[in-house]
Amino acid sequence: MESFTHGRVYDIIVAKEFLGPGDRVLIIDDFLANGAALMGLSKMVGTPAPLVGAGIVIEKAFQPGGDMIRARGIRLESLARVKSMNEETGVEFVD
């Protein structure tokens, strides 16, 4: 899984014994930019425990990750969606 923030690839392993048929998976992450980390995590989930969605603290809505995740049919909820940010105007949030 590639981390946009850290600029490197990380290996993630989840043992199947921890996910059973009655389980549901909700992925929680701090930042969503290009969506590579969330896509990597979502590919690890499925059988026997389905992915029911993802919760993000801050989504950089000006980058493609959120749109890509939603286009795949994954329910995505973000506490804050940043429309733009720069040194002159600061941070602008999506309404």
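Scroll up to find the structure this text is about.
Quick look at the structure, then. Please read all numbers here as calculations on a predicted model, not as lab measurements. One numbering rule holds for all chains: residues counted from 1, following each sequence as written. Per-residue local features of the predicted model are confined to residues with pLDDT of at least 70, and side-chain atom pairs are confined, for both listing and counting, to 80 or more; whole-chain, interface and lining totals are unaffected and use all residues. Side-chain figures throughout are based on the complete set of non-hydrogen atoms in the structure, without hydrogens or water.

**Notes on the overall build of the protein**
Then comes step 1: A count of helices and strands for the protein gives two helices and six strands.
Then comes step 2: Helix and strand assignments follow DSSP, with helices taken as H or I runs no shorter than four residues and strands as E runs no shorter than two, numbered in order from the N terminus. Along the protein, helices and strands appear, N-terminal first, in the series β-β-β-α-β-α-β-β.
Then comes step 3: Along the longest, intermediate and shortest principal axes, the C-alpha atoms of the protein span 50 × 30 × 20 Å.
Then comes step 4: Taken over 95 residues, the protein has a buried fraction of 27%. Between buried and exposed lies partly exposed: a residue is buried under 20% and exposed over 50% of the maximum accessible area for its type, with that area taken using a 1.4 Å probe on protein chains only.

**Some details on the side chain of Ser78**
Then comes step 1: Looking at the element boundaries, Ser78 is found in strand 5 (residues 76–86).
Then comes step 2: Two N or O atoms count as a polar contact when they lie within 3.5 Å, although within protein this holds only if one can serve as hydrogen donor and the other as acceptor, and sequence-adjacent residues are included solely when both atoms are side-chain atoms. Among the polar contacts made by the side chain of Ser78, one reaches the side chain of Glu59 at a distance of 2.7 Å.
Then comes step 3: Here a residue-residue contact requires only that any non-hydrogen atoms of the pair lie within 4.5 Å. In this view, Ser78 contacts Ile56, Val57, Glu59 and Arg70; residues no more than four positions away in its chain are not counted.

**Some details on helix 1 (residues 36–44)**
Then comes step 1: For helix 1, the complete set of buried residues consists of Leu38, Met39 and Ser42. Summarising the axial view, the buried residues of helix 1 lie within an arc of 100°, below the 170-degree limit, and thus occupy one face. It is the directions from the helix axis to the C-beta atoms that the arc portrays.

**So, a nonpolar patch on the surface**
Then comes step 1: Nonpolar side chains collect at one region of the surface, where Phe62, Met85, Val91 and Phe93 lie side by side and expose about 390 Å² of accessible area between them.
Then comes step 2: Mapped onto the elements of the fold, Met85 is located in strand 5. A residue counts toward a patch only above 30% relative accessible area and without a salt bridge, and it is joined to like-charged neighbours within 9 Å or, for Val, Leu, Ile, Met, Phe, Trp and Tyr, to nonpolar neighbours within 5 Å. Per-residue and other accessible areas were derived by the Shrake-Rupley procedure at a 1.4 Å probe size, with only the shown protein chains allowed to occlude residues. Any carboxyl oxygen of Asp or Glu within 4 Å of a side-chain nitrogen of Lys or Arg constitutes a salt bridge here.

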